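Topology and contacts: notes
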Amino acid sequence: MKCPFCGAADTTVADTRINDDGDIVRRRRRCLTCEKRFSTYERAEIRLPQVVKKNGSRVDFDREKLSGSLWLSLRKRPVTVEAVDAAITRIEEKLLTLGEREIPSEKVGEMVMRELKKLDKVAYVRFASVYRNFEDVDEFSELVREVSRPAPRRSR
């Protein structure tokens, strides 16, 4: 593994840890040239479906783009990195279980909105306001009212 700081190829693994689910390996590495430390993550490569955009073009599913969208909505909100990573993983798992080779971008957007609604209601409203492209204030107000309503109580 090349050092991201100095570019040297001489690095060593100082520590290896597996996450709770057992599907990601985190390796703590040290460069033998500059002595700096960095982490790498290893996961099985699984083929996710291609995303069909509104204009008909197809792009590969991009975990980093999904993460960027979530973090943009969650900007300055009290949500942990672990919670966001878990949400991204749930979205990817749903995409894999669908077993489809292609999926409309709208379906991915709906999955993102469901996860954001669980994580943070303000972030959900932020994302939905852009994603749904509201035509007027009434549509936006209805979304805010929907989020503000208390969740129905479940009987035991």
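To be clear, the structure that these remarks concern was listed above.
Nothing here was measured: the structure is a model prediction, and the numbers come from that model.

Another aspect to go through is the sheet that holds strand β5 (residues 58–60). What the 3 strands build is an open sheet, ordered β5-β4-β6; its pairing is mixed. Since the sheet does not close on itself, it has two edges, and those belong to β5 and β6 (102–104), each with one partner. Strand-to-strand twist in this sheet, taken as the mean axis angle between neighbours without regard to direction, amounts to 35 degrees. Where strand β4 (residues 50–52) and β5 come together, 3 bridges link them in antiparallel fashion. Across the sheet, the residue bridging to Gln-50 is Asp-60, located in β5. With respect to the sheet, helix α3 (residues 105–119) is in contact with β4 and β6, its orientation differing from that of β6 by roughly 70 degrees.

Applying the stated criterion across every chain, the model contains 1 aromatic pair. Their ring planes at 70 degrees and their centres at 6.5 Å tell us that Phe-5 and Phe-38 sit as a pair that is edge-to-face. With Phe-5 in the segment before β1 (11–18) and Phe-38 in strand β3 (residues 37–43), this residue pair connects regions lying 33 residues apart in the sequence.

Our next topic: the pattern of salt bridges. All told, the structure shown has 10 salt bridges when counted by the stated rule. Close ionic contact of Arg-30 with Glu-35 constitutes a salt bridge, the shortest N to O distance being 3.0 Å. Taking relative accessible area as the criterion, Glu-35 reaches 47% and is therefore assigned partly exposed. The closest approach of N and O atoms between Arg-90 and Glu-115, which form a salt bridge, is 2.7 Å. Pair noted here: Arg-90 is in helix α2 (residues 81–98) and Glu-115 is in helix α3, with a separation of 25 residues, a long-range link. Through salt bridges with shared partners, a single network forms among Arg-90, Lys-94, Glu-115 and Lys-118.

Let us look at the sheet that holds strand β2 (residues 24–31). With antiparallel pairing, the 3 strands of this open sheet are ordered in space as β1-β2-β3. With partners counted over all chains shown, the strands left at the sheet margins are β1 and β3, one partner each. Taken over all neighbouring pairs, the strand axes of this sheet differ in orientation by 25 degrees on average, direction set aside. As judged from the 7 bridges shared by β1 and β2, these two strands associate in the antiparallel manner. The residue bridging Thr-16 from the neighbouring strand is Arg-27, located in β2.

What follows is about unusual backbone geometry. The backbone of Glu-35 shows a phi angle near 70 degrees, a positive value even though the residue is not glycine. Within the secondary structure, Glu-35 is located in the loop between β2 and β3. Residues other than glycine seldom take positive phi values, yet Lys-76 does so here, at roughly 65 degrees. Among the secondary structure elements, Lys-76 is positioned in the loop between α1 (63–73) and α2. The class of Lys-76 is exposed, set by a relative accessible area of 73%.

Definitions and limits used
Residues numbered from 1 in each chain as written. Predicted model: local features only at pLDDT ≥ 70, side-chain atom pairs only at ≥ 80, totals over all residues. Heavy atoms only, no water. Pairing = 2+ DSSP bridges. Helix = DSSP H or I, 4+ residues; strand = E, 2+ residues; numbered from the N terminus. Axes fitted to C-alpha atoms, helices over the stretch in contact; angles between N-to-C directions. Contact = heavy atoms within 4.5 Å. Phe/Tyr/Trp six-rings, centres within 6.5 Å; stacked < 30°, edge-to-face > 60°. Salt bridge = Lys/Arg side-chain N within 4 Å of Asp/Glu carboxyl O. Buried < 20%, exposed > 50% of the residue type's maximum accessible area, 1.4 Å probe, protein only.

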